[in-house]
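The lines below spell out each chain.
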Amino acid sequence: MRIPGLIDRENIYSYPDETEQFIAFQICFLDWISYSQQLPDVIHCHDHHSGLVPFLLQHSKLYTQLSKIPTVFTIHNGQYHGAFGWDKLAYLPEIDLTKTGLLDWSGGINPLASAVRCASRYTTVSPSYLEELIYSSNGLEYLFFLERDKGVGIINGIDTDIWNPATDNMIAAKYNTIKVSAGKQKNKAALCTRFNFDISKPLISFIGRLVFEKGADLLAEAITASLADYAGRVNFLILGAGDPETEMALQELKEKFPADTSVYIGYNEELAHLVYAGADFLLMPSRVEPCGLNQLYSLRYGTMPMVRSTGGLKDTVIDYGEEDGYGIRYNHTSVEDICYSVSRAIALYADQKTTSLTQADDGPRFFLGCIG
């Protein structure tokens, strides 16, 4: 789909005319469906970028022939609404002006709020996030309370063809459920060689955006505090980019503890695959995580997730202290909780009777048996 000057741009976000950009995209989509005379069984919209579609289908004369098509609206992150002022109402095609209340929230046009009101059903990317929106959705809490019966939480999936250690060409050694431990040891050896770590120590990794939402602002302080008690007994590897101050703090951490930590600023797809395959633990201290994919990737590769109990992390990771548990969970995005989870990881790694991280090739007990 190409709209010269709007949809043919190098990037998706951060343009001063994003409102015009996303409105144009939605009108273009609706015109295409309308002119092609297609009548799909359902139209599935995602986030505020397509949040006006359910309203326009029902309340614009241009799309009357499509008005009976049911719509499903999926919310990946309820913090972003795409709101804009009424001065831009003219950007929309002809609508029934008696229905503009369905667009309004807090004195402006709010595509996310409109979609929740107008869609046949709305979904979130995890059951827990559905409930969390009622008390944390950047000003739409009451709306989600009112419309809660229309909502359904469904866990995101991952592409198991791409994320498959048995066929992954980006890792140092391929492995399956039969050879988990041997395969992970070979990948850990490759990681430790690259970053000058001791392979005998537990390796805790972080992969993701270095932003407040992910709890990344606490990483440097939490790792420093952990190393005050466990220096020489654990290694930390950070892969990500984001907030400049967080990046600087992590770089300073690397200089302060060169034998225990390493930091890769940026994103490297091949390295990310190797980290999932070679690390022992994956740290996710997220403040907000509607679903989270990293913990699913880590489980796919036999790496234990260490997650804060929120959103999809809460729904997909069971603490190893519970029946059939395979992860580490903690309640708060705080230095104290992160440090406690690190201490549990170190103890778990050392306890050969509890974990199979370095034992025989029947695989770690927390490993998901879904490798093809």
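> How should the packing of aromatic side chains be read in this particular structure?
One pair of aromatic rings is described through two measures. These are the centre distance and the angle between the planes. Using the criterion set out here, one finds nine aromatic pairs in the structure. Ring geometry for Tyr-276 versus Tyr-297: centroids 5.6 Å apart, planes at 70°, classification edge-to-face. Of this pair, Tyr-276 sits in helix α9 (residues 269-278) while Tyr-297 sits in helix α10 (residues 294-300), placing them 21 residues apart in sequence. Taken individually, Tyr-276 and Tyr-297 each receive the classification buried, so the pair is uniform in this respect. One Lys or Arg, Arg-9, reaches over the ring of Tyr-15 and ends 4.5 Å from the middle of that ring. Above the ring of Phe-145, the side-chain terminus of Arg-148 is found at 4.2 Å from the ring centroid.

> Teacher, can you tell me more about the sheet that holds strand β9 (residues 261-265) here?
The strand order across the open sheet built from six strands is β9-β8-β7-β10-β11-β12, with neighbouring strands paired in parallel fashion. Pairing within the sheet leaves two strands with one partner each, and these edge strands are β9 and β12 (328-330). Pairs of neighbouring strands in the sheet enclose a mean axial angle of 15°, with direction left out of account. Two strands pair when backbone bridges link them, and strand β7 (residues 203-210) and strand β8 (residues 235-242) are joined in this way by eight bridges, in the parallel orientation. Bridging from a neighbouring strand, Ile-207 pairs with Leu-239 of β8.

> Would you mind showing me how to read the packing of helix α6 (residues 180-195) against α9 here?
Packed helices, taken two at a time, are described by the angle between their axes plus the distance between the axes. As a packed pair, α6 and α9 sit with axes 8 Å apart at the nearest point and diverge in direction by 125°. Taken together, the axis directions place α6 and α9 in an arrangement best described as oblique. The chirality of how α6 crosses α9 is left-handed. Contacts from Lys-184, Asn-187, Lys-188, Ala-190, Leu-191, Arg-194 and Phe-195 of α6 reach α9 at Leu-271, Leu-274, Val-275, Tyr-276, Ala-277 and Gly-278.

> Explanation requested: the pairing of β7 in the structure shown.
Two faces belong to every sheet, and in a regular strand the side chains alternate between them. Extensive coverage of β7 is indicated by the burial of six of its eight residues. Here β7 pairs with strand β10 (residues 281-284) via two bridges, running parallel. Across the sheet, Ser-205 pairs through a bridge with Leu-282, a residue of β10.

> Would you take a moment to explain the confidence of the model for the protein chain for this structure?
Detailed reading of the predicted coordinates is not advisable wherever pLDDT is low. With 94% of its residues at a pLDDT of at least 70, the protein chain reaches an overall mean of 93. pLDDT under 50 marks residues 353-372. Its contacts with residues more than four places away, or in other chains, come to 58 contacts.

> Please clarify how the nonpolar core should be interpreted in this entry.
Of all hydrophobic cores here, the largest spans 36 residues; its most connected members are Leu-52, Phe-73 and Ile-75. Where this core is concerned, the elements lending two or more residues are α1 (18-35), β1 (43-46), α2 (53-59), β2 (71-75), α3 (111-118), α4 (127-132) and α5 (141-146). In terms of residues, this core owes the most to one element, α3, which gives five residues. Not counting residues up to four positions away in its chain, the partners in contact with Leu-52 are Ile-23, Gln-26, Phe-84, Leu-92, Leu-103, Ile-109 and Pro-111. Counting 33 residues, the second-largest nonpolar core is a separate cluster that includes Tyr-230, Tyr-330, Ile-346 and Tyr-349.

> Which parts of the structure should I look at to understand the sheet that holds β1?
Note on sheets: strands pair through backbone hydrogen bonds, and any given pair is parallel or antiparallel. The strand order β1-β2-β5-β6 describes an open sheet built from four strands, whose pairing is parallel. With one partner strand each, in any of the chains shown, β1 and β6 (151-153) form the two edges of the open sheet. For this sheet the average axis-to-axis angle between neighbouring strands, irrespective of direction, equals 25°. With four bridges connecting them, β1 and β2 associate as parallel partners. Residue pairing in the sheet places His-44 in a bridge with Val-72 of β2. Along the sheet face, α3 touches β2 and β5 (121-124) and points at about 135° away from the line of β2.

> Sorry, what's going on with a nonpolar patch on the surface here?
A contiguous nonpolar surface patch, about 320 Å² in accessible area, is contributed by Tyr-142, Phe-145 and Leu-146. Tracing the sequence through the fold places Phe-145 in helix α5. In this structure Phe-145 comes out as partly exposed when scored by relative accessible area, which is 37%.

> How do you make sense of the environment of Lys-61 when you look at a structure like this?
With respect to the helices, strands and loops of the structure, Lys-61 is situated in the loop between α2 and β2. The exposure class of Lys-61 is exposed, given its relative accessible area of 64%. C-alpha separation for the pair Lys-61 and Met-170, spaced 109 residues apart in sequence, amounts to 51 Å.

> Would you mind showing me how to read the pattern of salt bridges here?
Oppositely charged side chains are able to pair whenever their charged atoms sit close together. According to the stated counting rule, one finds nine salt bridges in the structure shown. The residue Asp-217 makes a salt bridge to Arg-287 at a minimum N-O spacing of 2.7 Å. Of the two residues, Asp-217 is situated in the loop between β7 and α7 (219-230) and Arg-287 in the loop between β10 and α10; the sequence distance between them amounts to 70 residues. You can call Asp-217 partly exposed: its relative accessible area is 34%. The salt bridge partner of Arg-344 is Asp-319, with a shortest N-O separation of 2.8 Å. In this pair, Arg-344 is assigned in helix α12 (residues 335-350) and Asp-319 in the loop between α11 (311-316) and β12, connecting sequence segments 25 residues apart.

The rules behind the values
- Residues numbered from 1 in each chain as written.
- Predicted model: local features only at pLDDT ≥ 70, side-chain atom pairs only at ≥ 80, totals over all residues.
- Heavy atoms only, no water.
- Phe/Tyr/Trp six-rings, centres within 6.5 Å; stacked < 30°, edge-to-face > 60°.
- Helix = DSSP H or I, 4+ residues; strand = E, 2+ residues; numbered from the N terminus.
- Buried < 20%, exposed > 50% of the residue type's maximum accessible area, 1.4 Å probe, protein only.
- Lys NZ or Arg CZ within 6 Å of the ring centre and 35° of its normal.
- Pairing = 2+ DSSP bridges.
- Axes fitted to C-alpha atoms, helices over the stretch in contact; angles between N-to-C directions.
- Parallel < 35°, antiparallel > 145°, perpendicular 65-115°, else oblique.
- Left-handed = near helix turned anticlockwise from the far one by under 90°.
- Contact = heavy atoms within 4.5 Å.
- pLDDT = per-residue confidence, 0-100.
- Core = buried A, V, L, I, M, F, W, Y, C linked by side-chain atoms within 4.5 Å.
- Patch = residues over 30% accessible without salt bridge, like charges linked within 9 Å, V, L, I, M, F, W, Y side chains within 5 Å.
- Areas by Shrake-Rupley, 256 points an atom, 1.4 Å probe, with all protein chains shown as cover.
- Salt bridge = Lys/Arg side-chain N within 4 Å of Asp/Glu carboxyl O.

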